[in-house]
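# A look at the structure
What follows is the residue order along each chain.
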Amino acid sequence: MLEIFFSTLLVLVCVGVLAFTGLAVKKLYQGQR
């Protein structure tokens, strides 16, 4: 049961980091224009 919890947590963290990176890149891209 604990393994599932940690796996879900890891996935959520990865998704959050990807979303944050995507937004940061978008802002940088728009700023360079």
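Residues numbered from 1 in each chain as written. Predicted model: local features only at pLDDT ≥ 70, side-chain atom pairs only at ≥ 80, totals over all residues. Heavy atoms only, no water.

### Overview of a nonpolar patch on the surface
Together, L2, F5, F6, L9, V13 and V17 make up a nonpolar patch on the protein surface, roughly 590 Å² of accessible area in all. With respect to the element layout, L9 can be found in helix α1 (residues 2-32). Its relative accessible area of 39% is what places L9 among the partly exposed residues. (Patch = residues over 30% accessible without salt bridge, like charges linked within 9 Å, V, L, I, M, F, W, Y side chains within 5 Å. Areas by Shrake-Rupley, 256 points an atom, 1.4 Å probe, with all protein chains shown as cover. Salt bridge = Lys/Arg side-chain N within 4 Å of Asp/Glu carboxyl O. Helix = DSSP H or I, 4+ residues; strand = E, 2+ residues; numbered from the N terminus. Buried < 20%, exposed > 50% of the residue type's maximum accessible area, 1.4 Å probe, protein only.)

### Overview of the packing of aromatic side chains
How two aromatic rings sit relative to each other is given by the distance of their centres and the angle of their planes. Taken as a whole, this structure holds one aromatic pair when the rule is applied. A ring pair is formed by F5 and F6, whose centres lie 5.8 Å apart and whose planes are at 65 degrees; its orientation type is edge-to-face. On the accessibility criterion, F6 (48% relative accessible area) is partly exposed. (Phe/Tyr/Trp six-rings, centres within 6.5 Å; stacked < 30°, edge-to-face > 60°.)

Everything listed is a geometric property; what it means functionally is a separate question.
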